[in-house]
Each structure stands twice: as structure tokens, then as C-alpha cells.
Amino acid sequence: MSQPSRTRPSGSARALSEAYDTALLDLDGVVYAGGEAIKHAVGSLGTARDGGMHLAYVTNNALRTPDAVAAHLTELGVPAEPGDVITSAQAVARLISEQVPAGSRVLVIGGEGLRVALRERGLVPVESAEDAPAAVVQGYGGPDLAWGRFAEASYAIAAGVPWFASNTDLTIPSGRGIAPGNGAAVEVVRIATGAEPQVAGKPLPPMHRETILRTGARKPLVVGDRLDTDIEGAFNGEVDSLLVLTGVTDGAQLLAARPEHRPTFVDADLRGMLTGQPEVAENDGRFGCGGWTAAVRDEEFALDGEGDPLDGLRALCAAAWTYAGDGVCELDAGKVLGRLGL
């Protein structure tokens, strides 16, 4: 990918909900965590929708069906239809359907979301390596997924059956903290077999293709909390992104982001969709945003000023990303982030 490296968050004179026609929203860590709505999410999404923005919910979690996700969103106060939900299960089911004959059996290691997506593509879910599957598909199966399911996948893969994974997120946010995700389960099967799966979910192209096919978005904005899925997926799809700090990414990780992990915009939560975004200005190696000025001096961060901590973070991002160029900023940012309370 030959895109130029982003050296600072962008500004926008218009509210993002007006500047983009469709929001491609991650769910876990953005809209809800542990099944409960994140603060400000319901009101912000309602306002954006009422203003004419199309809201689509794009999740790497392959456990639940679009019907179940839409019902959950509606229960939380975010009205949604099944067609508004795009899952990695749908993306991987399309990927499989392009490589095996219609009506083929597929060994499922995961939940109902995978089974429904496979049937939508004319494939037949099965439960055993002895059912002569044409493919193995692995997706998040929740905390109660039996260990024996990994063995079943391993038997089929060792026999030469092609292996697919909905996604490889190592972690997933929950109401009690960060839990192992499907990527951790994929590692179990990889260790047992030495094989490599074909992966469909964010940040890879099959998921972006599925999203655009299902939404028809012309000027989408990816909204997410993860640098290595949401933001990298937007980078790979060459579309803009908004990182919200309600999930797994903190200030230190953002400052150390690789070029493909640097979001277009940064905000605290989904209220950032409803506003413009401040510009970060540069003057002789110093980066100013709001009441803050940041720079790198003698291999250390310098931060001066006061005001909205997010403006300070945006200025620090510009200093860190410019300093790092096409690499990763490895400077210790703990002191300045502590000053911002981040």
C-alpha cells in the first residue's frame, strides 16, 4: 500500500455525521461493552441517524446473527434492522462460497452466526470432521465453546481440508475487562496443525468488500476502538476513520501507532461524530491544537498549555507521528499522558 504516512490527526470544519454518508461502526468497545451501551453512544447515534447519516454496524464477532445483533441494538435504544449489521461470519461465508461448490459441507467451530451465514451462501454446516467437510471455518464461539471443538478442527485440517477464520482478534472487550478473542482460539488450532487459515475479518479486504457490498456506502467513515482491526481496515480500504477511546486503545498505544494504524480523527466517544474536528497546526516543529502545544525535544515529549485533554492528545499524536515517520514512536509518553489524565 503506497499511501503517504499520516503525521497528524485531520481537522474537519463540518460535523463528521454531515461530511460522510455512512458510518461503519464497530460494536464491541464502541457501541457497547459487555452487552451494555457505552456512555453517550445511544444519544449520539440517534442524532446522527436523525440528521440523515446511514448507520451500519460492522463487527468481527461472528457469534451472533445479524437478527440477534439488531434486536440487541434496538433494545439498547439504537433502532437497527438485520440488514444494518455486517459480520465477519458473512464475510468468511462469502469467501468460502467462492472456493467450494454450492451445497458443500462446512465444519463449523463457532456459534450460530457462522451457521446462519453459511446457509445464506448455500453451504451446509456440519459438526464433525467425519462428515466429509469441504472446508473448516472457525469463529468466536463465546466463553462456553468446548475444547473438543478445536480438536475436531485439527483432525479435518490435518486431513487436508482448507481452513478459514472469521477473524484473528486476540482479545474481545467484555463488561468485566478484556477477554480472549477468536484469534486466541485460532492460535490453538494453528499450534496443533501448523496450518494457516484464510482470514476474512477486519482489517483484511474480504470484510471491507462485504461491508461495501451490503451498505452501498459512497463516502464511508469507519468508527472503531482498535488500531489493528478498525483503523488498519480503513487504511487498507483507503477510507477515513474515527478512533474512539472507549475500548481497547489508550493514549500510549495511539502515540506509538504504525502508519497503517493512525486514524484520521480521534475523539473520546461517539459524540465525536456530531462535531467538527480541530486542526493541528505546525510551527517550527511544534504542534498546536486548542490550548496545547506539543513537540519532541532531546528525545523526550514536551507538552505546554491547558484545556481539553483531547486537544493535547491530538497535538502529541502529531509530534509522535512526525518524529516516527514511517516507523513507530518508542519515546516514553507516560509523563505527558499523565498530565492529560489519559
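What this report covers is the structure whose coordinates are included nearby. Here the structure is a predicted model, which is why all the values come from computation and not from measurement. Starting from 1, residues in each chain are numbered consecutively following that chain's sequence as written. Residue-level local features of this predicted model are given only where pLDDT is at least 70; pairs of side-chain atoms are given and counted only at 80 or more, and the full residue set underlies all totals for whole chains, interfaces and linings. Note that the side-chain values use all heavy atoms of the structure and ignore hydrogens as well as water.

## Details of the packing of aromatic side chains
So, step 1. Each Phe, Tyr or Trp ring, with Trp reduced to its six-membered ring, pairs with another whose centre is within 6.5 Å; inter-plane angles below 30 degrees give stacked pairs, above 60 give edge-to-face pairs, and intermediate values give tilted ones. This model, assessed by the stated rule, comprises 2 aromatic pairs.
So, step 2. Taken together, a centroid distance of 6.3 Å and an interplanar angle of 80° make the contact between Tyr20 and Phe265 edge-to-face. Pair noted here: Tyr20 is in the loop between helix H1 (16-19) and strand E1 (22-25) and Phe265 is in strand E15 (residues 265-267), with a separation of 245 residues, a long-range link. For the pair Tyr20 and Phe265, a shared accessibility class is recorded, and that class is buried.
So, step 3. Pairing Trp147 with Phe150 gives two aromatic rings, centres 5.3 Å apart and planes at 80°, and the pair type is edge-to-face.
So, step 4. Trp147 sits in the exposed class, given a relative accessible area of 62%.
So, step 5. Accessible area is worked out with a 1.4 Å probe on protein chains only. A residue is then buried under 20% of its type maximum, exposed over 50%, and partly exposed in between. The exposure class of Phe150 is buried, given its relative accessible area of 10%.
So, step 6. Whether a charge sits over a ring depends on NZ of Lys or CZ of Arg being within 6 Å of the ring centre and within 35 degrees of the ring normal. A cation over a ring is seen here: Lys219 above Tyr20, with NZ or CZ 5.1 Å from the ring centre. The secondary structure listing takes helices from DSSP runs of H or I that are at least 4 residues long and strands from runs of E that are at least 2 residues long, numbered from the N terminus.

## Thoughts on a negative patch on the surface
So, step 1. Taken together, the side chains of Asp298, Glu299, Glu300 and Asp332 present a region of like negative charge at the surface.
So, step 2. Within the secondary structure, Asp332 sits in the loop between helix H11 (309-324) and helix H12 (334-340). Distance thresholds for patches are 9 Å for like charges and 5 Å for nonpolar side chains (Val, Leu, Ile, Met, Phe, Trp, Tyr), applied to residues having over 30% relative accessible area and no salt bridge. Under the convention used here, a 1.4 Å probe and the Shrake-Rupley method define accessible areas, while residue burial counts only the protein chains that appear. Salt bridges are counted wherever a side-chain nitrogen of Lys or Arg sits within 4 Å of a carboxyl oxygen of Asp or Glu. In this tally, Asp and Glu contribute negative charge and Lys and Arg positive charge; neither His nor the terminal groups of the chain are included. Note on charges: their place is set at NZ of Lys, CZ of Arg, CG of Asp or CD of Glu.

## What about the sheet that holds strand E5 (residues 85-87)?
So, step 1. Spatial strand order, E5-E4-E1-E13-E14-E15: 6 strands in an open sheet with parallel pairing. Edge positions in the sheet fall to E5 and E15, since each of these pairs with one other strand and no more. Neighbouring strand axes in the sheet, compared pairwise and without regard to direction, differ in orientation by 25° on average.
So, step 2. In this sheet, E15 lies alongside strand E14 (residues 240-244) in parallel orientation, the contact comprising 3 bridges. Opposite Leu243, over in E15, you have Val266 as the bridge partner.
So, step 3. Whether two residues are in contact is decided by their heavy atoms: any pair within 4.5 Å suffices. Throughout, an axis means a line fitted to C-alpha atoms (over the contacting stretch in the case of helices), and angles, computed between N-to-C directions, take values from 0 to 180 degrees. Strand contacts of helix H9 (residues 227-237): strand E13 (220-224) and E14, with the helix running at about 160° to E14, the strand carrying the most contacts. Two strands make a pair as long as DSSP finds a minimum of two bridges between them.

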